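Commentary on secondary and tertiary structure
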There are 4 protein chains.
Amino acid sequence: MIFSSDNTAATSPEILEALTRAASGQALPYGADDHSAAVRRRFADLFECEVDVLFVSTGTAANALSLATLTPPWGSVLCHRDSHINNDECGAPEFYTAGAKLVPLGGTDAKIDPAELRTAVRHKAGDVHSVEPSVVSITQATETGAVYTPDEIRELGRITKDAGLRLHMDGARFAGAVASLGATPADLTWRAGVDLLSFGATKNGTMTADAIVVFDRSLTSQLAFRNKRAGQLTAKMRFQAAQLDAYLTDGLWLRNAAHANTMAARLQDGLKAIPGVELLGAADANILFARLPQQVIDGLHADGFVFYHDRWGQGVVRLVTSFATTTEEIDALLEAAARHAA
Amino acid sequence: MIFSSDNTAATSPEILEALTRAASGQALPYGADDHSAAVRRRFADLFECEVDVLFVSTGTAANALSLATLTPPWGSVLCHRDSHINNDECGAPEFYTAGAKLVPLGGTDAKIDPAELRTAVRHKAGDVHSVEPSVVSITQATETGAVYTPDEIRELGRITKDAGLRLHMDGARFAGAVASLGATPADLTWRAGVDLLSFGATKNGTMTADAIVVFDRSLTSQLAFRNKRAGQLTAKMRFQAAQLDAYLTDGLWLRNAAHANTMAARLQDGLKAIPGVELLGAADANILFARLPQQVIDGLHADGFVFYHDRWGQGVVRLVTSFATTTEEIDALLEAAARHAA
Amino acid sequence: MIFSSDNTAATSPEILEALTRAASGQALPYGADDHSAAVRRRFADLFECEVDVLFVSTGTAANALSLATLTPPWGSVLCHRDSHINNDECGAPEFYTAGAKLVPLGGTDAKIDPAELRTAVRHKAGDVHSVEPSVVSITQATETGAVYTPDEIRELGRITKDAGLRLHMDGARFAGAVASLGATPADLTWRAGVDLLSFGATKNGTMTADAIVVFDRSLTSQLAFRNKRAGQLTAKMRFQAAQLDAYLTDGLWLRNAAHANTMAARLQDGLKAIPGVELLGAADANILFARLPQQVIDGLHADGFVFYHDRWGQGVVRLVTSFATTTEEIDALLEAAARHAA
Amino acid sequence: MIFSSDNTAATSPEILEALTRAASGQALPYGADDHSAAVRRRFADLFECEVDVLFVSTGTAANALSLATLTPPWGSVLCHRDSHINNDECGAPEFYTAGAKLVPLGGTDAKIDPAELRTAVRHKAGDVHSVEPSVVSITQATETGAVYTPDEIRELGRITKDAGLRLHMDGARFAGAVASLGATPADLTWRAGVDLLSFGATKNGTMTADAIVVFDRSLTSQLAFRNKRAGQLTAKMRFQAAQLDAYLTDGLWLRNAAHANTMAARLQDGLKAIPGVELLGAADANILFARLPQQVIDGLHADGFVFYHDRWGQGVVRLVTSFATTTEEIDALLEAAARHAA
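As the structure is a computational prediction, the values presented were derived from the model and not from experiment.

With that settled, the discussion passes to the overall build of chain A. Each helix and strand counted, chain A has 14 helices and eleven strands in total. Seen through its principal axes, chain A has C-alpha atoms that stretch 60 × 55 × 30 Å. Expressed as a percentage of the 342 residues in chain A, the buried residues total 64%. Charged side chains of chain A number 30 positive and 40 negative; the gap between the two group centres comes to 5 Å.

Dropping the structure here:
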């Protein structure tokens, strides 16, 4: 009954089966195995274009490696002030980029405001006294559970590219956004200008396998060196590849994400009906924020429900569902909340 | 029939079973799970002292994080000229340390010569025009398959500590050294002055789980920040922990290593009997170097045997066994070599 | 008739004379000369305590070196959002610190608000997912020409030290602040908790000589290595030392600063009397901000007066005086402004 | 009577006069002044091509900035094992490059051996497990006082460029090499493939002004950002420019260097005649190495002569002359040496 994050779920049975199948026999290391080749083909199919793929052990590594490839050390990374790269990675982007500066921007639902971006991409450009605007990073779905529409991404992409900057997408919850929007992965990424995508999978079903999807393949060589140098290049790469292979097979990734979204929607609907509960912001994917009466928070904690609260204001809680959340768990939470609200 | 490296093996059945058991139910992230706690206790038992443990995805990350914790950016890392950190990590130590300098030393069998070390630890110490000797890094077993005896480590440790430097051990093949020597892990590490150990497991049975063992626990807080910042802190840590838990249970790690060593010894004995073959250097663990007649190298390749050659001199090959190597594979290689030598 | 910055002035005659005297004969390099020793004694007298001193070629180097010494790479630097380190150094602090993060705080007149600081020094302390609050940097006088009173510095110092952080002062215009306040250098720095001071001199009379004054002398060894490694350690150090020696002799530094302040006050008084002119914020030292009617701005530019405008809002200008500014120049500007305002 | 280094000399009278002339009136900062523009034109004339020029405060900064511009962080810098960047800069190249690796090569008289270079430029190129050969750095004149001939530089340049690498020249004593060879500056640099030159002036007559000369001007923008970020961009740039302007006027730089060389030749000739003295290596410019009898070394020290000894072997001394060395000083040294040798 943990609703604090989608990283508390285990893994999909299909992932474990794939790993089991991969766990015998010898295989060439560092991506020269069959599984790794298969995954690259699956990504190409998924995104309807040739792509390169690098496996990484965390979303933080995916983001930091991508940003380091897209900005010089004296550059700035334009991002939302509530973004994971700005708040939750202990300066990994600054470490990997050799000291680039994250410039936080505003916007509702943790989505970058286009007007702010329009100013920021030109701010002191070419002035050696200031960091140079170099890359824009957007998060899909956002940290507050909202999603950018294809039109919104295209607009931000246009602003970015017109000013000569690069575009990165932190897709820690990319699957949830695709499931929510019903748009194609291509429309949400490279067709809108995305150069590099941090493709999150761990939160949505794999054990320990995330990836960087490279749309601008002129960046691949540099990424490969950075990846090795970061200690992210694994010898037994087949074990990451097997997970992602299964994840992308027969739509598992989208089924998982759609399920998590459905659970969040069920939770949202149920909370609406509880007196004293206020829903906060868009909840397009699998994260929702709400303000609960104090006795409801206390009561849920006493019942053993685990979730974050009071980080974002008095009485504000964050609830996250996952591919593994059951309707029984949702209903148990709702029943308990209703009981404590009474 | 791949003898190029021990990283081409799959995984031990016990590891896969442990992973399977860990793959259900919710668990708290970032090491707050039960598996992670259990592994820390196993390491403490193994090393006969309180230790802290960080999980990493590669040996390169283990080494680079350790070195960054033990040297300032203006420091030097004294290591053997044939060491992995010096040659095979694409500058990961330089990246993580923010630009420390690796100073290569000589010595037979890829073991640091004590006399050279004695000079190097004092070289221009305290002189701001030069990098400052800060940490010594030794590899156990070495890149050429030799092992340091406890006495040898103690001597290097004493030289290191008398000069006020820190001691790191790259234990990518630590299990093989322990199996070869029959010494206790404690005698080979902290009792001889080792501050941080890169504890390799992937080459000897796990899928994707290595660790840093922290003997000087005053370093743990710094390591934890560096680990997160490097993108090495995984959310679903139970999947690394479960692997290492099984690895350290009922002596699996030592059995695996002893088997690899036995296979290498069998290979060595067999090669000795083949005319024209010259064994090179000590082969105490699971790596051996030999000079083969050209027609033997060509013949083995034609038969489908995979191994590195000619990197270390004309006709020199490296052969590596693993926990998964079978006597049939060894005998097939020997039979083929004898045939081509005839 | 340049009022854009105090860095457009030449040098004090006393500085040039000292340089001339130093420009003959041999001298030992890297600070082993007599001038360098003399300067250290002068600084000790000035600050009423033993200090160490490093010479640097720019204020940016002084700041970046100081910050790198006071924060680990995963730390954060708490500073005012309008500070020079945050806006005008092209990421030098991020470069030197190997990727620390600057956290901008608010407060009037570019002075850090104590309440904001009180929250920021504790923000996510000890949480590896976030950068660690490590050092507070205050600017004296501030970028808008205000000065912190001794009480204000003491309060910020107390908040900083109670939370276990370090305190840095960017004193690019330290002389102006001392002249304005009539307080002792000691009260404005180490007695209030300052660990390292970027002691600016170039804007106030030297040619190319700034310094870092080290109050916590346990930091000196680290600073010395960082300084060399940064390419800031000059061989012919006597030429920097001679400048600073003269600068600190017979109160030249304070006379120069007092003169610049007097010129700014005269300018301020004159502007007040001009219709349509609005003075903005405190102007305690040699910088003032004012909103001028557009025809005044245009007219002054046409007359050849040089100054920045419109960076801080419509019609807002910044005017800076220096040790070399004359009353004639001030009066010429005022006369012209009054004429264009009519 | 200091012969330990050419950095113990003061400055040329012409330099001081130029500085004095520059020391009045206002001037625009950061290179927008007239002196800075004049210097750029002088460098263009000198090198017979359009160049960009950046002023730096030390040769270490010139080297580190240049190397950072010519190699990615995962690159290697191929240099002589006795080079200043490898031994005497406290890791400044590693700091500025964000962790590139210096690969030391051999060769007589501290000149890179072409055969070694030919191998090194291809070593593991394109292999992500290793650092990538990226830039070659040669020192002219070398640390032992030899000079590369134009043919030698062309050969190294060809090897470098054929392999797709960049070429840097550490010209801390470039003037001495030009004076020694009688070749044109152009032939010794860009015509032979040099991309960036660290143009040393401080050792040969200026006070504190060195420069980077940019032959591949596509690098200038990057260098400008790096320069600011390094804290090397001075506001009162006129004071550096004025020194270099005078240095390049009427051949002062070459006259100074020729004088230093002549003094070294006189010293060399004199030493040859002293029994028991052995000259070591080529002494083409202003540095010479010799092995002296111990009683000569002791006697010279007792007489107050200052020089380094015993760093390079028992009885080996280094003697350095400068633009300011007099024949009286040389003769005094020779007389004393002869006396102690008797």
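After presenting the structure, the write-up continues.
This next bit is on the interface of chain A and chain B. Taken together, the contact between chain A and chain B spans 48 residues of the former and 48 residues of the latter. When chain A packs against chain B, close to 4,100 Å² is buried across both sides, 59% of that on carbon and sulfur atoms. There are zero salt bridges connecting chain A and chain B. Along the contact surface separating chain A from chain B lie 34 residue pairs in polar contact (both at pLDDT 80 or more). The set of elements that each furnish at least two residues to the side of chain A that touches chain B consists of α1 (13-22), α3 (59-70), α5 (92-96), α10 (220-229) and α11 (238-247) of chain A. Tallying contributions element by element places α5(A) first for the side of chain A that touches chain B, with four residues. For the side of chain A that touches chain B, the class distribution of residues is 23 nonpolar, 18 polar and seven charged.

Our next topic: the relation of the copies chain A and chain B. Least-squares fitting of chain A to chain B yields an RMSD of 0.0 Å, with the transformation described by 0.0 Å of translation along the axis and a rotation of 180 degrees. What the superposition gives is, in effect, a two-fold axis relating one chain to the other. The position closest to the rotation axis in chain A is occupied by the C-alpha of Ser57(A), lying 3.4 Å away. A share of 100% of the interface residues of chain A reappears at the interface of chain B, consistent with the copies meeting face to face through the same patch.

So, about the interface of chain D and chain B. Of the residues lining the interface, 17 residues belong to chain D; the matching set on chain B comes to 17 residues. Where chain D abuts chain B, roughly 1,300 Å² becomes buried across the two surfaces, and 43% of that area is made up of carbon and sulfur atoms. It is Cys90(D), Glu94(D) and Lys101(D) in chain D that bury the most area against chain B; as a group they hold 37% of the surface buried on that side. One can count four salt bridges joining chain D with chain B. Between Lys101(B) and Glu94(D) there is a salt bridge, and its shortest N-O distance comes to 2.9 Å. Mapped by element, the contributors of at least two residues to the side of chain D that touches chain B are α4 (84-87) and β3 (101-105) of chain D. Across the side of chain D that touches chain B, the residue classes tally to six nonpolar, six polar and five charged.

Below, the discussion takes up the pattern of salt bridges. A pair can form between side chains of opposite charge whenever their charged atoms are brought close. What the rule picks out here adds up to 76 salt bridges over all chains. Here Arg42(A) ties to Asp245(A) by a salt bridge, and the two come within 2.4 Å at their closest N and O atoms. Of this pair, Arg42(A) sits in helix α2 (residues 34-47) while Asp245(A) sits in helix α11, and the two are 203 residues apart along the sequence. The class of Arg42(A) is partly exposed, set by a relative accessible area of 32%. Among the ionic pairs, Asp331(D) bridges to Arg266(D), the shortest N-O distance being 2.8 Å. Taken together, the residues span a long stretch of sequence, with Asp331(D) in helix α14 (residues 327-341) and Arg266(D) in helix α12 (residues 252-272) at a distance of 65 residues. Classification of Arg266(D) as partly exposed rests on a relative accessible area of 36%.

Within the secondary structure, Thr58(A) sits in the loop between β1 (52-56) and α3. A distance of 3.0 Å separates a polar atom in the side chain of Thr58(A) from the backbone nitrogen of Ala61(A). For Thr58(A), the side chain forms a polar contact with the main-chain oxygen of Gly231(B), separated by 2.7 Å.

This paragraph deals with the sheet that holds strand β6 (residues 196-199) of chain B. All names here are of chain B. Pairing is mixed in the open sheet, where seven strands are placed in the order β1-β7-β6-β5-β4-β2-β3. Because the sheet does not close on itself, it has two edges, and the strands there are β1 (52-56) and β3 (101-105). For this sheet, the mean angle separating the axes of adjacent strands, direction not counted, is 25 degrees. Strand direction decides the pairing type here: strand β2 (residues 75-80) and β3, joined by five bridges, are parallel. Looking across to β3, one finds that histidine 80 is bridged to leucine 105.

This paragraph deals with the packing of helix α1 (residues 13-22) of chain C against helix α11 (residues 238-247) of chain C. Helix-helix packing: each pair is described by the crossing angle between the helix axes and the interaxial distance. Residue and element names in this part refer to chain C. Running from amino to carboxyl end, α1 crosses α11 at an angle of 140 degrees, the nearest separation of the two axes being 8 Å. The orientation of α1 relative to α11 falls into the category oblique. Considering how the two elements wind past one another, α1 and α11 form a crossing that is right-handed. Here α1 contributes Glu14, Ile15, Ala18, Leu19 and Ala22 to the contact with α11, which in turn contributes Arg238, Phe239, Ala242, Gln243, Ala246 and Tyr247. Split by residue class, the contact of α1 with α11 holds eight nonpolar, one polar and two charged.

For the rest of this paragraph, the subject is the packing of aromatic side chains. By convention here, two paired aromatic rings are described through the distance between centres and the angle between planes. Evaluated as defined, the whole model comprises 55 aromatic pairs over all chains. Taking the centre distance of 6.0 Å and the plane angle of 10 degrees together, the rings of Phe225(A) and Trp74(D) count as stacked. Remark: Trp74(D) occurs in the loop between α3 (59-70) and β2 (75-80) and Phe225(A) occurs in helix α10; the pair is interchain, linking two chains. The same class applies to Phe225(A) and to Trp74(D), which are both buried. Note on Phe3(D) and Phe305(D): the rings are 6.3 Å apart at their centroids and 40 degrees apart in plane angle, and the pair reads as tilted. Note that Phe3(D) is positioned in the segment before α1 (13-22) and Phe305(D) in the loop between α13 (294-302) and β10 (308-309), a separation of 302 residues in sequence. We note that Phe3(D), like Phe305(D), is buried. Clustering of aromatic rings is evident, with ring pairs tying together Phe43(A), Phe47(A), Phe174(A), Phe199(A), Phe215(A), Tyr247(A) and Trp253(A). When the ring centre of Tyr308(C) is taken as reference, the NZ or CZ atom of Arg311(C) above it lies at 4.1 Å.

Attention now goes to empty space enclosed by the protein. Residues and elements named next belong to chain C. Taken as a whole and assessed by the stated rule, the structure comprises eleven cavities of 30 Å³ or more. In this structure, the largest cavity encloses a volume near 120 Å³. Taken together, the elements giving at least two residues each to the lining of the largest cavity come down to α8 (174-181) and α12 (252-272). Among the elements that line the lining of the largest cavity, the one with the most residues is α12, at three residues. Of the residues belonging to the lining of the largest cavity, the class tally is seven nonpolar, seven polar and three charged.

Let us now look at the sheet that holds β3(D). Residue and element names in this part refer to chain D. With mixed pairing, seven strands are arranged side by side in an open sheet as β1-β7-β6-β5-β4-β2-β3. If you trace the sheet from one side to the other, it starts and ends with β1 (52-56) and β3, each paired once. This sheet shows a mean twist of 25 degrees between the axes of neighbouring strands, independent of strand direction. Where strand β5 (residues 166-171) and strand β6 (residues 196-199) come together, four bridges link them in parallel fashion. In the strand pairing of β6, aspartate 170 is matched with serine 198. Helix α7 (residues 150-162) rests against β4 (132-139) and β5 of the sheet, and its axis sits at about 145 degrees to β5.

What follows deals with the packing of α2(A) against α11(A). Residues and elements named next belong to chain A. Between α2 and α11, the least distance of the axes is 8 Å, while the angle of their chain directions is 35 degrees. In the packing of α2 onto α11, the handedness of the crossing is left-handed. Every residue of α11 that contacts α2 at His35, Ser36, Ala38, Val39 and Arg42 is listed here: Arg238, Ala241, Ala242, Leu244 and Asp245. Among the residues forming the contact of α2 with α11, the class breakdown is five nonpolar, two polar and three charged.

For the peptide bond that leads from Gln140(C) to Ala141(C), omega is -10 degrees, which places it in the cis range. Locating Ala141(C) in the fold gives a position in the loop between β4 (132-139) and α7 (150-162). With a phi close to 60 degrees, Glu48(C) is a non-glycine residue in the positive phi region. Along the chain, the position of Glu48(C) falls in the loop between α2 (34-47) and β1 (52-56). With a phi close to 55 degrees, Asp109(D) is a non-glycine residue in the positive phi region.

Parameters and conventions
- Residues numbered from 1 in each chain as written.
- Chains lettered and ligands numbered in written order.
- Predicted model: local features only at pLDDT ≥ 70, side-chain atom pairs only at ≥ 80, totals over all residues.
- Heavy atoms only, no water.
- Helix = DSSP H or I, 4+ residues; strand = E, 2+ residues; numbered from the N terminus.
- Buried < 20%, exposed > 50% of the residue type's maximum accessible area, 1.4 Å probe, protein only.
- Lys, Arg positive; Asp, Glu negative; His and termini not counted.
- Charge placed at Lys NZ, Arg CZ, Asp CG, Glu CD.
- Contact = heavy atoms within 4.5 Å.
- Buried area = accessible area lost by both parts, 1.4 Å probe.
- Salt bridge = Lys/Arg side-chain N within 4 Å of Asp/Glu carboxyl O.
- Polar contact = N/O pair within 3.5 Å; in protein donor to acceptor, adjacent residues only side chain to side chain.
- Nonpolar A, V, L, I, M, F, W, Y, C, P; charged D, E, K, R; others polar.
- Least-squares fit on C-alpha atoms with pLDDT ≥ 70 in both.
- Pairing = 2+ DSSP bridges.
- Axes fitted to C-alpha atoms, helices over the stretch in contact; angles between N-to-C directions.
- Parallel < 35°, antiparallel > 145°, perpendicular 65-115°, else oblique.
- Left-handed = near helix turned anticlockwise from the far one by under 90°.
- Phe/Tyr/Trp six-rings, centres within 6.5 Å; stacked < 30°, edge-to-face > 60°.
- Lys NZ or Arg CZ within 6 Å of the ring centre and 35° of its normal.
- 1 Å grid on protein atoms, 1.4 Å probe; cavity = no way out; pocket = protein on both sides within 12 Å on 5 of 7 lines; lining within 4 Å.
- Points joined across faces, edges and corners; volume = space filled by probe spheres on them.

All quantities given are derived from atomic positions and should not be read as evidence of function.
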